[in-house]
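Descriptive structure summary
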Amino acid sequence: MTASTVILDSRACERTLRRMADEIVERTGGTDGLVLVGIQRRGVPLAARLAALIDAREGGRVPRGALDITLYRDDLQTIGPRPVVGTTELPVDIDGRVVVIVDDVLYTGRTVRAALDELADFGRPARILLAVLIDRGGQELPIRADVVGKTISVLEDQLVDVKVEELDGQDAVLLAPRRPRAA
Amino acid sequence: MPLSLGKDLLDLESLTAEQITGILDTAVPLKAVSERAIKKVPTLRGATVVNLFFEPSTRTRISFEFAEKRLSADAVNVAVQGSSVSKGETLVDTARNLEAMRIDMVVIRHGASGAARFLADRIDSNVINAGDGTHEHPTQGLLDLLTLRERWGTLAGKRVCICGDVLHSRVARSNIHGLRKLGAEVAICGPRSLLPHGAEEVFGVTVIDRIEQAIEWADALNILRLQLERMEAGYIPSLREYNRVFGVTRERLARAPRELLILHPGPMNRGVEIDSDVADGPHSVILDQVTNGVAVRMAVLYLLRGGRPDQAAAAGAAAGDP
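Conventions used here
- Residues numbered from 1 in each chain as written.
- Chains lettered and ligands numbered in written order.
- Predicted model: local features only at pLDDT ≥ 70, side-chain atom pairs only at ≥ 80, totals over all residues.
- Heavy atoms only, no water.
- Salt bridge = Lys/Arg side-chain N within 4 Å of Asp/Glu carboxyl O.
- Helix = DSSP H or I, 4+ residues; strand = E, 2+ residues; numbered from the N terminus.
- Buried < 20%, exposed > 50% of the residue type's maximum accessible area, 1.4 Å probe, protein only.
- Expected span 1.5 Å × (residues − 1).
- Contact = heavy atoms within 4.5 Å.
- pLDDT = per-residue confidence, 0-100.
- Pairing = 2+ DSSP bridges.
- Axes fitted to C-alpha atoms, helices over the stretch in contact; angles between N-to-C directions.
- Core = buried A, V, L, I, M, F, W, Y, C linked by side-chain atoms within 4.5 Å.
- 1 Å grid on protein atoms, 1.4 Å probe; cavity = no way out; pocket = protein on both sides within 12 Å on 5 of 7 lines; lining within 4 Å.
- Points joined across faces, edges and corners; volume = space filled by probe spheres on them.
- Nonpolar A, V, L, I, M, F, W, Y, C, P; charged D, E, K, R; others polar.

1. Considering the pattern of salt bridges
Taken as a whole and assessed by the stated rule, the structure comprises 30 salt bridges over all chains. The closest approach of N and O atoms between Glu23 of chain A and Arg19 of chain A, which form a salt bridge, is 2.8 Å. Of this pair, Glu23 of chain A and Arg19 of chain A both sit in helix H1 (residues 10–28), four residues apart, which is roughly one turn of the helix. When its relative accessible area of 22% is taken as the criterion, Glu23 of chain A is described as partly exposed. Residue Asp8 of chain B is joined to Lys7 of chain B by a salt bridge in which the shortest nitrogen-to-oxygen separation is 3.1 Å. You'll find Asp8 of chain B and Lys7 of chain B in the same group, each marked buried. Overlapping salt bridges, with partners in common, bring together Arg49, Glu166 and Asp171 of chain A in one network.

Structure (structure tokens):
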């Protein structure tokens, strides 16, 4: 097993999120009608973190939600064990609002495609933005992030492993060799 | 951890506690889909499901149909009226015809116990048992489990008494297997003529003779529908007497030592096995059962889609993040 390389340690994560929060408010021109929606699972705590940072700087409380895109995946036709379905929870009506989708890693773009489809079933936001902690390249769809924590170039056989305090006990972004598929 | 049920859902007896819990866990987020303004997700887009009902059924068929449509499957209802052909032959022919129409899943309700397995063994499509004779009605069992788990958080250590015509009831069998696997204690209560012989040994349940004792013992009563033809067949003397001895009435419930949940698979014979005061009362979770029926059926459809027999064992290979 080759050791993982640290891309962001916990302090770097904190600085990065702070800058992302500022950039989100800058791009949306304030917090009016703003909603942060994290994609299950690690996007959810990241969205809450960003929202808290925005609240601290701007005052008020930005609503935060969670999106589980499993039911919208484009690979459910393939035969195999079914992925676990998580919770989708949107705290407010998203019609006419500015929704920021938050995820840990942007890779193929297929998760974001599914998230856009799911959001459309809940309403018609005035605008949707994408914020990701890591953009690792390799998009297979015409999808780009609006707010990026860090852009890195990663080989296909490598895994960007994002850890968040709430789920993993620490904040870190690691580059690891992809786990071999279970036989 | 990804979950697989294999190709078919034929009973709860052959499922593991982990598989049952996995179905219930999947039903929870799927239940939320029915609360949305747009009650539809694209999950089963392109899948064709045939609802093959050899017995009349309104609520189970409608519940499955809602579940299929909310997952964007194409649903076709086939109601097969009583035919002169013997049941075995009809099923084989029907199976071949369905296969020739390139379907993906079959929901079958049939009067003969074992009919669902018979069909499942002969076609490649996923088969879901919607009630076969007096054998099992697994999705009814699952919706009862979900309803109780919602109220209690866990089934472990809870006491559920199934009341009424257990002998002829596929609902009772699915309930007994499901409840016991999830750690609940199960009792049955009814006239001895309507309880299976040797139920203690065969099903691992307690037999309670008097409804008053059942109310004292249980945390929930699952009150079965008394099929009216049982009276004509001589299993019980009269409906009135049945209500007097075994009917769940408000007066009897008032003596329950703890809060008691009331379930009924429907359709109810008000004034026979259950009084209206009880059915519409504060302890009743009967309408929750109906809501949860759609959710567990959505979960089963989602989990079975594309499933193959060799995947029945808990899944190892990760369905990795895209």
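2. What about helix H2 (residues 59–70) of chain B?
Residue and element names in this part refer to chain B. The end-to-end C-alpha distance of H2, which contains twelve residues, comes to 16 Å, matching closely the 16 Å that a straight helix rising 1.5 Å per residue would cover. Within H2, burial applies to Thr60, Ser63, Phe64, Glu65, Ala67, Glu68 and Arg70. Of the surrounding elements, those touching the buried residues of H2 are strand S1 (48–53), strand S2 (74–79), strand S3 (105–110), strand S4 (126–132), helix H5 (138–152) and helix H13 (286–304). A positive backbone phi angle near 70 degrees is found at Ser72, which sits one or two residues after H2.

3. So, the confidence of the model for chain B
All names here are of chain B. The pLDDT averaged across chain B works out to 91; a share of 93% of its residues lies at or above 70. Below a pLDDT of 50 lies the segment residues 313–322, which in the model reaches 20 contacts outside its immediate sequence neighbourhood of four places, other chains included. If you check the scores for this complex, the pTM reads 0.92 and the ipTM reads 0.88.

4. Quick notes on the sheet that holds strand S8 (residues 220–223) of chain B
All names here are of chain B. Ordered in space as S7-S6-S5-S8-S9, the five strands form an open sheet in which the pairing is parallel. Because the sheet does not close on itself, it has two edges, and the strands there are strand S7 (206–208) and strand S9 (261–263). Geometrically, the sheet is characterised by an average inter-axis angle of 25 degrees between neighbouring strands, direction not taken into account. Relative to S7, strand S6 (residues 185–189) runs parallel, the two sharing three bridges. Bridge pairing links Cys189 to Ile208 in S7. The strands touched by H5 within the sheet are strand S5 (159–163), S8 and S9, with S9 carrying the most contacts at an inclination of about 165 degrees.

5. Here we look at the sheet that holds strand S1 (residues 5–8) of chain A
All names here are of chain A. With antiparallel pairing, the three strands of this open sheet are ordered in space as S1-S8-S7. If you trace the sheet from one side to the other, it starts and ends with S1 and strand S7 (158–163), each paired once. On average, adjacent strands in this sheet sit at an angle of 30 degrees to one another, irrespective of strand direction. Examined bridge by bridge, S7 and strand S8 (residues 172–177) share six bridges and lie antiparallel to one another. Within the sheet, the bridge partner assigned to Leu159 lies in S8 and is Ala176. Across the sheet, H1 touches S1 and S8, and the angle it forms with S1 is around 30 degrees.

6. Topic: the nonpolar core
Counting residues in hydrophobic clusters, the biggest one holds 84 residues, and the most contacted among them are Leu142, Leu145, Leu148 and Ile188 of chain B. Here the element with the most residues in this core is H13 of chain B; it accounts for ten residues. With residues up to four places along the chain from it excluded, the contact list for Leu148 of chain B reads Gly153, Leu155, Val160, Leu179, Ala220, Leu261 and Leu263 of chain B. Counting 32 residues, the second-largest nonpolar core is a separate cluster that includes Val25, Val98, Val102 and Leu129 of chain A.

7. As for the layout of surface pockets
Residues and elements named next belong to chain B. Put simply, the second largest pocket is a space of about 820 Å³. As for the second largest pocket, its lining consists of 33 residues, of which Arg109, Arg170, Val171, Gly266 and Pro267 are closest to the centre. Listed by contribution, the elements that provide at least two residues to the lining of the second largest pocket are H2, H5, helix H6 (170–181) and H13. Looking at the lining of the second largest pocket, its residues break down into eleven nonpolar, 14 polar and eight charged.

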